[in-house]
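Here's the letter readout for the chains.
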Amino acid sequence: MTAKEDYSSLVHGLCSLDFSGDNIPCQLLLTGDTAFPLLVTPAQHVLLAASKYGKGKIVVMSHEAYLNQPQFMDFLKNAISWLKPSLEAVIGVNNNLDHLEQTLSSSGHRVEKVSGLKKDLGVFCTTGYDDSQAEDIVTFLSQGGGVLIGAQAWYWSQFQQQENVLCHFPGNKITSVSGLQEGFGWNPFKSLFAEYQKLSNVSRNNLDKMNLWAEKFSQAVNKNLAPFFQSWGWPIEEKTRQKLTTLPMWEENPMKKYISSD
């Protein structure tokens, strides 16, 4: 299935989606050449996105509440059909997503309420606030499973103001692998998360945090990833680029074809 066909399957029959209300969505950052936006605001903020990783597929929503709200059910039914590895696949739905579970059951899907990822599921629907199974979910995804996830990093960060959202937000430990994970595996992420736990005096400024992440990840994999992050619009500063010039370039960079040679 081509990217155009994937997109068409996910938005089939939809005229609009209602994002009004009290829920404030976060902005999704797409990484990897298999990731694509499904809904972009006039300000170029991505609110819905999908990607393929290994043999599996993932759909990401910018707020967990959207997984359980009636106005999104038509989209979510499309998403589940796209994510399912087979017609008979069992859909595991997190215990707190009652409306989603009822909608999918009434639509003829085999659905099971779950507290976490378990064996014999074809699709796992969850919120992004628990990283206790992050590595298992990434493995499940790479082996052909489907993942539907929604979370709001902004809300989480209000209660974790000392933490780097890019590194520590639980949902990112699952969704961020769609680009870099293909090239470097899970170990660099684990070692980097562990290193961040030990860092002190980390700036709260988002610009500084993004540059620190790019620098530390590059060092973890011994590759200059500045061009990769820049290709996705990250504000990589000159001082960061200079620090990384001593590292070899990442020749397998999936975004290389989009980077100007000028």
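Quantities reported herein were computed from a predicted structural model and do not represent experimental measurements. Within every chain, residues take consecutive numbers counted from 1 along the sequence as written. Local features in this predicted model are restricted to residues whose pLDDT is 70 or higher, and side-chain atom pairs enter the listing and the counts only when it is 80 or higher, whereas totals over whole chains, interfaces and linings include all residues. As a convention, hydrogens and water are excluded, and side-chain values are obtained from all of the structure's heavy atoms.

## Brief notes about the nonpolar core
Part 1 of the argument: With 27 residues, the main nonpolar core has Val59, Leu76, Leu100 and Leu148 as its most contacted residues.
Part 2 of the argument: Helix numbering and strand numbering both begin at the N terminus, where a helix is a DSSP run of H or I of at least 4 residues and a strand a DSSP run of E of at least 2. When residues in this core are grouped by element, the largest group, seven residues, is from helix H2 (residues 73–83).
Part 3 of the argument: Residues are treated as being in contact if the distance between any of their heavy atoms lies within 4.5 Å. Setting aside its immediate chain neighbours within four residues, leucine 76 contacts Met61, Tyr66, Leu67, Leu100 and Leu148.
Part 4 of the argument: In this structure, Ala49, Ile58, Ile137 and Ile149 belong to the second largest nonpolar core, which totals 18 residues. Nonpolar cores are built from buried Ala, Val, Leu, Ile, Met, Phe, Trp, Tyr and Cys residues. Side-chain atoms within 4.5 Å join them into one set. Exposure classes here rest on a 1.4 Å probe applied to the protein chains alone. A residue is buried below 20% of its type maximum, exposed above 50%, and partly exposed in between.

## Some points on the packing of helix H1 (residues 3–11) against H2
Part 1 of the argument: An axis is simply a line fitted to the C-alpha atoms; with a helix, the fit covers only the stretch in contact. Between two such axes, the angle follows the N-to-C directions and lies from 0 to 180 degrees. It is the contact of H1 with H2, at a shortest axis distance of 7 Å, that shows an interaxial angle of 140°. Judged by the inter-axis angle, H1 sits oblique to H2. Residue-level inspection shows Asp6, Ser9, Leu10 and Val11 of H1 in contact with H2, the latter providing Phe75, Asn78, Ala79 and Trp82.
Part 2 of the argument: Amino acids are sorted into nonpolar (Ala, Val, Leu, Ile, Met, Phe, Trp, Tyr, Cys and Pro), charged (Asp, Glu, Lys and Arg) and polar (every other residue, Gly among them). Of the residues in the contact of H1 with H2, the class split is five nonpolar, two polar and one charged. Oblique is the label for every angle not falling under 35 degrees (roughly parallel), over 145 degrees (roughly antiparallel), or within 65 to 115 degrees (roughly perpendicular).

## Considering the confidence of the model for the protein
Part 1 of the argument: pLDDT: the predictor's confidence for each residue, scored from 0 to 100. Looking at the protein as a whole, the pLDDT averages 81, with 77% of positions reaching at least 70.
Part 2 of the argument: Below a pLDDT of 50 lies the segment residues 155–168, which in the model reaches 28 contacts outside its immediate sequence neighbourhood of four places, other chains included.
Part 3 of the argument: A low-confidence stretch, residues 179–183 stays under pLDDT 50, and its non-local contacts, those more than four residues away or across chains, total 19 contacts.

## Side note on the packing of H2 against helix H3 (residues 98–106)
Part 1 of the argument: It is at 11 Å that the axes of H2 and H3 come closest, and there the two elements cross at 65°. The two elements H2 and H3 cross, and the hand of that crossing is right-handed. Counting all contacts with H2, which are made through Met73, Leu76, Lys77 and Ile80, the residues of H3 involved are His99, Leu100, Thr103 and Leu104.
Part 2 of the argument: Each residue belonging to the contact of H2 with H3 can be placed in one class, and the counts come to five nonpolar, two polar and one charged. Crossings are assigned a handedness: left-handed for a near helix turned anticlockwise from the far helix by less than a right angle, right-handed for a clockwise turn.

## Things to note about H2
Part 1 of the argument: Of all eleven residues in H2, eight are buried; the element is thus mostly enclosed.
Part 2 of the argument: The complete set of buried residues in H2 reads Met73, Phe75, Leu76, Asn78, Ala79, Ile80, Trp82 and Leu83.

## Notes on the sheet that holds strand E1 (residues 36–40)
Neighbouring strands of a sheet are bound in pairs by backbone hydrogen bonds; such pairs are parallel or else antiparallel.
Part 1 of the argument: Read across the open sheet, the seven strands follow the order E1-E2-E3-E7-E6-E4-E5; overall the sheet is mixed. Single-partner strands in this sheet number two, and they are E1 and strand E5 (110–114). Across the sheet, the mean angle separating the axes of adjacent strands is 15° when strand polarity is ignored.
Part 2 of the argument: By definition, two strands form a pair when at least two bridges between them are found by DSSP. In terms of strand pairing, strand E2 (residues 46–53) meets strand E3 (residues 56–61) through six bridges, oriented antiparallel. Bridge pairing links alanine 49 to valine 60 in E3.
Part 3 of the argument: Where H3 meets the sheet, its contacts fall on strand E4 (90–94), E5, strand E6 (123–127) and strand E7 (146–150), and the angle it forms with E5 comes to roughly 160°.

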